Amino acid sequence: MGEQTAETDTRRPVITARAAATFEPVGRSVASARAFVRDTLQGWGFPDVIDDAVVLTSELVTNAVVHAGTAAEVLCARTEDGVRVEVADRYPERELPVQTPGRQFGGFDREGGRGLLLCAALATRWGVEYSSTRKKVWFSLDLPDRPAGTRSAGPALPAEALPVAEVRVRVAVVQIDRSGAISAWNDDARDLFGYSADQTVGKPLTDLAAWPHTPGTSTGIAEALALSRWEGSYGIRDADGRVVPVYASHLRVRDTEGAPSTVCLLVRDEERAVLQSPVRSGSADSGGERTSADPFEVFIGSPAPDDLDGLLQRTVERARDMLDGDAAYLLLATDDETELEVRASTGLPSARQRFARVPVEAGTGRYGSARMPAVHDDLSAVPGAVPLLANTGMRSVVTVPLKVEGRLTGSLGVAAEAPRRYGNEEALRLQFAADRIALAVESARLGELERLRRGSLSFLVEASDLLAGTLDRDQTLALMAQMTVPTLATWCAVYTIADQSSEPELSYVLHEDEDRIDGLKALLSKVPPPDPVPTPGARVWTAPSETAHAAALRTSLRTLGLDDHSGRPPAPVASLATAAAVGGETVVLPLVARNRVIGMLTLGKPADDHFRQEILELAEDLSRRAALALDNARLYSERTAISQSLQRSLLPPELPDVPGVEVEVIYRAAGEGNEVGGDFYDLFPIRDGAYGFAIGDVCGTGPEAAAVTGLARHALRLLAREGFGGPAVLQRLNAAILDEGARSRFLTLLYGELWPQPDGSASLKVVCAGHPLPLRLRQDGTVEPAAEPQPLLGVMDDLELYEQTVSLAPGDVLLCVTDGVTERREGARMLGDDGLTDVLAGCTGLTAGAVAARVLRAVERFAAEPPSDDMAILAMRVPEPEQS
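Keep in mind that what you see is a predicted model, and the values were worked out from it rather than measured.

Novice: How should I be thinking about the overall build of the protein chain in this particular structure?
Specialist: Across its full length, the protein chain holds 19 helices and 34 strands. By the burial criterion, 45% of the 884 residues in the protein chain qualify as buried. Within the protein chain, residue pairs in contact and separated by at least 24 positions form 61% of the contacts whose partners lie at least 6 positions apart. A total of about 44,300 Å² of accessible surface is found on the protein chain, and carbon and sulfur atoms cover 50% of it.

What follows is the structure in structure tokens.
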């Protein structure tokens, strides 16, 4: 194997562990490769070199899957003094540049050579190896020396200042496998919580954990178990059903087979000093003064969460701990500072509170305004003073505002179950903390709003494109619902209003869980629709949740055998699942187009959930676009319906039965939505024993051609029934067409009269005015024209036309077509009269219907593209007498 390296890999270290993976040549493989290397090195306990290894792997895999365009093979090898990573691809012809005295790498801003430049800058050793089938770039990273000695230390304290613990400190060690189930449970865990290992191993940790989780944040138990390290408080339900507050430290590890698991160390919450990591403080140089800690980091901890939800959740937890409270919450002000929106809480049934909104000014006086600090000694004495804490068991609360440059940006509160827990001193402490974090919270909020608005713009652009791409009403309704669920809401219902005198009609229902759609539709069909109020913006609609809860309660009572003696009529049937599905906040947005309410867009959340203000604003923008798209679809549908109705009036009614003659007609109008074009046909009784037939082609297509079609068809019937012969009928029709002036169109027409004869034959008189000649198929398979060409109509005033007599013997077929058949093309080829003659010659013995179908099939198969011209086929056959 040829080798070309920046440093020859002369020393092969002993490999103690390997991990390998192959990644497809697609862009997302780069992120997957980064995650693979990060997880591998984290499992091996190499956090010091993870960042460098991930950066180098990212560049090298990008070279393989993006620039070389092949799969990338990544191998991680653990050695005694570090780690070696190899990235191989299958494109050895694409050589990588190496650093030689006469050649320098490109800079970091160049596409080529950047991966090797990084290797040279970051790796301890690196190289490139080529073979006939693959190219491999490798790099090694040595672990930094870890000096023995003190990692962290605290000052010596007197005994009375030490944390209080029981005589024996128990540290529960619980191991959780990749599925979230308990795989190990030590004796201290048994003593702390009352369960033996046999009772817990194999059960999900979620069965025991009482997790202080706020929906929508990134602090759930599943997320915590997936992190490489996690530290914090939660509860464990013991064997007696009580919740034991614990302080936990989680460490993510990987076994020798590569399977990840999490080791959880747990102590009683009051003994958290045993596990809690010391807070980072300012460092002191030798002989220098100790730097003061940042007040923000003292309160929040370092490093501070870099996302808004994480920062707010950390804030309420620290505020609760600082004042030794039982619960805490944080609300953010809307842009106009008129309302506060619940964004984080701990110790409260927060699922029903998140994104709920309360007014900034709830009453008179300082205690009714969120702009001033407030202390409530006993909430039971003033019910409703803090609606957020209603029915939570909290008795005392202290709240302080968050302000930035004098503007209210939020409110922070701490509550306790005991009365008279807080006073002015606690309010001052909490206000001091709020002042320290207000700017950071506002900065994070603005960053989140910017990301949301960018995402909203992208969402609205895509939504507008999708809505503009259809004029079908039903498809527009489906798109409206599919764009809102689950992006904006859990479920959606669209009501439409046909006209100002009509009631709203439930037109479309969608839920993110398809199994809930039928129950939701049944429920909403029983609930009176919302009022079609044109006022812009979202308004709350409580009817669905109230009806669902009432119906579910009555269903439960009947299930338990209890009768409802309320005297109220039976409620619509609703299961508990349906009640939960619509039990949250429901809002209605009007669909207003052209100054008229044409419907309502209804969005809903599941039980006890609320919409955030930014989502409602985005939904309002979407509703305006959707309303215009829906109205355009309605107008198009109405226009199409009118057009199709008018077109159908131009088609002849059902064809009459002609004794002794089989008749079949096939008609195709070109153009989307067209039922009638420039081609037409007709067959009608003239008088006893006589029938008129016609097939024609008006120059052009569309409504103008269709108008001449109607004129010709009705004039033919009227003139023929007045007793005029074929030439006279066409001459008078020619005059009528010329009278149309600028609206007139050229017209080719084959008109004839048919008389079935007693001997089983049929006699015909035909006039062919500029039209493709009719073809007669005899029983012996010969095909011949049945008429001679004459001038077309709509060109000259004086026409000299004559009729010709044709006789059809039993078994004969007369085929009449428009030029959409004979002029069928594919490139330079055309079916033509000869091609049609060949097709008809093979139809001996077929019925009139089979002849017409075979001609149509031949036309369709002649070219790959669909026909672009109107087409009419009229076949008449005199059947052979049945053999006795």
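Novice: It is not clear to me how the confidence of the model for the protein chain should be interpreted in this structure. Could you clarify?
Specialist: Any region with low pLDDT has predicted coordinates that should not be read closely. On average, residues of the protein chain score 81 in pLDDT, and 83% of them are at 70 or above. Note that residues 213-218 has pLDDT below 50 and, in this model, 17 contacts with residues that lie over four places away or in other chains. With pLDDT under 50 throughout, residues 280-293 is counted as low confidence; its partners more than four residues away or in other chains account for seven contacts.

Novice: What am I meant to see in unusual backbone geometry here?
Specialist: What is expected of a backbone is that most residues other than glycine have negative phi and most peptide bonds are trans. The peptide bond linking V485 to P486 adopts the cis configuration, its omega dihedral lying at 0°. Relative to the helices and strands, P486 is located in the loop between α10 (473-484) and β18 (491-496). Although it is not a glycine, R420 sits at a positive phi angle of roughly 55°. Tracing the chain through its elements places R420 in the loop between β17 (407-416) and α9 (424-468). What makes R420 exposed here is its relative accessible area of 59%.

Novice: Explain the packing of aromatic side chains to me, please; I cannot follow it from the model alone.
Specialist: Summed over the entire model, instances satisfying the criterion amount to seven aromatic pairs. Relative to F46, the ring of W44 lies with its centre 6.4 Å away and its plane at 70°, an arrangement referred to as edge-to-face. Both residues of the pair, W44 and F46, belong to the buried class. Pairing W230 with Y234 gives two aromatic rings, centres 5.9 Å apart and planes at 45°, and the pair type is tilted. Across the pair, exposure class does not vary: W230 and Y234 are buried alike. Each residue in the set W185, F193 and Y195 is aromatic and connected to the rest through ring pairs, giving one cluster. It is R84 that lies over the ring of W138; its NZ or CZ is 4.3 Å from the centre. Residue placement shows R436 over the ring face of F432; its charged tip is 4.5 Å from the ring centre.

Novice: I would appreciate a short explanation of the pattern of salt bridges in the present structure.
Specialist: Any two side chains of opposite charge can pair, given that their charged atoms come close. As enumerated under the stated definition, the model contains 32 salt bridges in all. The closest approach of N and O atoms between D321 and R320, which form a salt bridge, is 3.1 Å. The exposure class of D321 is partly exposed, given its relative accessible area of 37%. The salt bridge involving R445 is made with E442; its shortest N-O contact spans 3.0 Å. Pair noted here: R445 and E442 are both in helix α9, with a separation of three residues, about one helical turn. Judged by relative accessible area, R445 falls into the buried class, the value being 7%. Each member of the salt-bridge network shares a partner with another, and the members are R84, E86, E129 and K136.

Novice: Is there a simple way to think about the nonpolar core in this case?
Specialist: One broad trend across soluble globular proteins is that nonpolar side chains are buried collectively. Ranked by internal contacts, the top residues of the largest apolar core, which has 35 residues, are V37, L41, W44, V61, V74, V83 and F139. For this core, the secondary-structure elements that each account for two or more residues are β1 (15-23), α1 (29-43), α2 (47-68), β2 (72-79), β3 (82-89), α3 (114-122), β4 (125-130) and β5 (135-142). Considering each element in turn, this core owes the most residues, nine residues, to α2. Excluding residues that lie within four positions of it along the chain, W44 makes contacts with A17, R18, A19, C76, A77, R78 and V83. By size, the runner-up hydrophobic cluster in this structure holds 33 residues, among which are A463, F611, L616 and L630.

Novice: Which parts of the structure should I look at to understand the sheet that holds strand β12 (residues 327-333)?
Specialist: Paired through their backbone hydrogen bonds, the strands of a sheet run either parallel or antiparallel. Taken together, the six strands give an open sheet; going across it, the order is β14-β13-β12-β17-β16-β15, and neighbouring strands pair in antiparallel fashion. Every interior strand has two partners, whereas the edge strands, β14 (357-359) and β15 (374-376), have only one. Along the sheet, successive strands turn relative to each other by an average axial angle of 25°, direction set aside. Note: β15 against strand β16 (residues 396-404), three bridges, orientation antiparallel. Looking at β16, one finds that H376 is bridged to V397. Along the sheet face, helix α8 (residues 308-322) touches β12, β13 (339-346) and β17 and points at about 70° away from the line of β13.

Novice: Whenever I open this one, the side chain of T490 confuses me. Can you help?
Specialist: Mapped onto the elements, T490 comes out in the loop between α10 and β18. Not counting residues up to four positions away in its chain, the partners in contact with T490 are V485, H511, E512, G604, K605 and P606.

Novice: Whenever I open this one, the sheet that holds strand β29 (residues 783-785) confuses me. Can you help?
Specialist: On the basis of which strands lie adjacent, the open sheet formed by five strands has the order β23-β34-β31-β28-β29 and antiparallel pairing. Two strands lie at the open edges of the sheet, namely β23 (662-668) and β29, each paired on one side alone. With strand direction ignored, the average angle separating the axes of adjacent strands in the sheet is 20°. In this sheet, β29 lies alongside strand β28 (residues 775-777) in antiparallel orientation, the contact comprising three bridges. Within β29, the residue paired with R776 across the bridge is E784.

Novice: Explain a nonpolar patch on the surface to me, please; I cannot follow it from the model alone.
Specialist: Taken together, the side chains of F746, V795 and M796 define a hydrophobic patch exposed on the protein surface, amounting to about 270 Å² of accessible area. Here M796 is to be found in the loop between β29 and β30 (804-808).

Cut-offs applied
Every residue gets a number counted from 1 within its own chain, in the order that chain's sequence is written. Whole-chain, interface and lining totals are the exception, using all residues; otherwise, since this is a predicted model, local features are given only for residues with pLDDT of at least 70 and side-chain atom pairs are given and counted only at 80 or more. To obtain the side-chain values, all non-hydrogen atoms of the structure were included, while hydrogens and water were left out. By definition, any uninterrupted DSSP run of H or I lasting at least four residues is a helix, any uninterrupted run of E lasting at least two residues is a strand, and each is numbered from the N terminus. Residue burial is assigned from relative accessible area. The probe radius is 1.4 Å, only protein chains are included, and a residue is buried under 20% of its type maximum, exposed over 50%, and partly exposed in between. Contacts are assigned to residue pairs that have any heavy atoms within 4.5 Å of one another. Note on areas: Shrake-Rupley, 1.4 Å probe, and residue coverage restricted to the protein chains presented here. For every residue, the predictor assigns a confidence score, pLDDT, that lies between 0 and 100. Under the pairing criterion, centres of Phe, Tyr and Trp rings, with the six-membered ring standing for Trp, must be within 6.5 Å; the plane angle then separates stacked pairs below 30 degrees from edge-to-face pairs above 60, leaving the rest tilted. Should the NZ of a Lys or the CZ of an Arg lie within 6 Å of a ring centre and within 35 degrees of the ring normal, that charge is described as sitting over the ring. Salt bridge, as used here, is a side-chain nitrogen of Lys or Arg placed within 4 Å of a carboxyl oxygen of Asp or Glu. Residues grouped as a nonpolar core are buried Ala, Val, Leu, Ile, Met, Phe, Trp, Tyr and Cys residues, joined through side-chain atoms within 4.5 Å. Strand pairing is assigned whenever DSSP identifies at least 2 bridges connecting the two strands. To obtain each axis, a line is fitted to C-alpha atoms, and for helices this fit is confined to the stretch in contact; angles are then taken between N-to-C directions over 0 to 180 degrees. Candidates for patches are residues over 30% relative accessible area with no salt bridge; among them, like charges are joined within 9 Å and nonpolar side chains (Val, Leu, Ile, Met, Phe, Trp, Tyr) within 5 Å.

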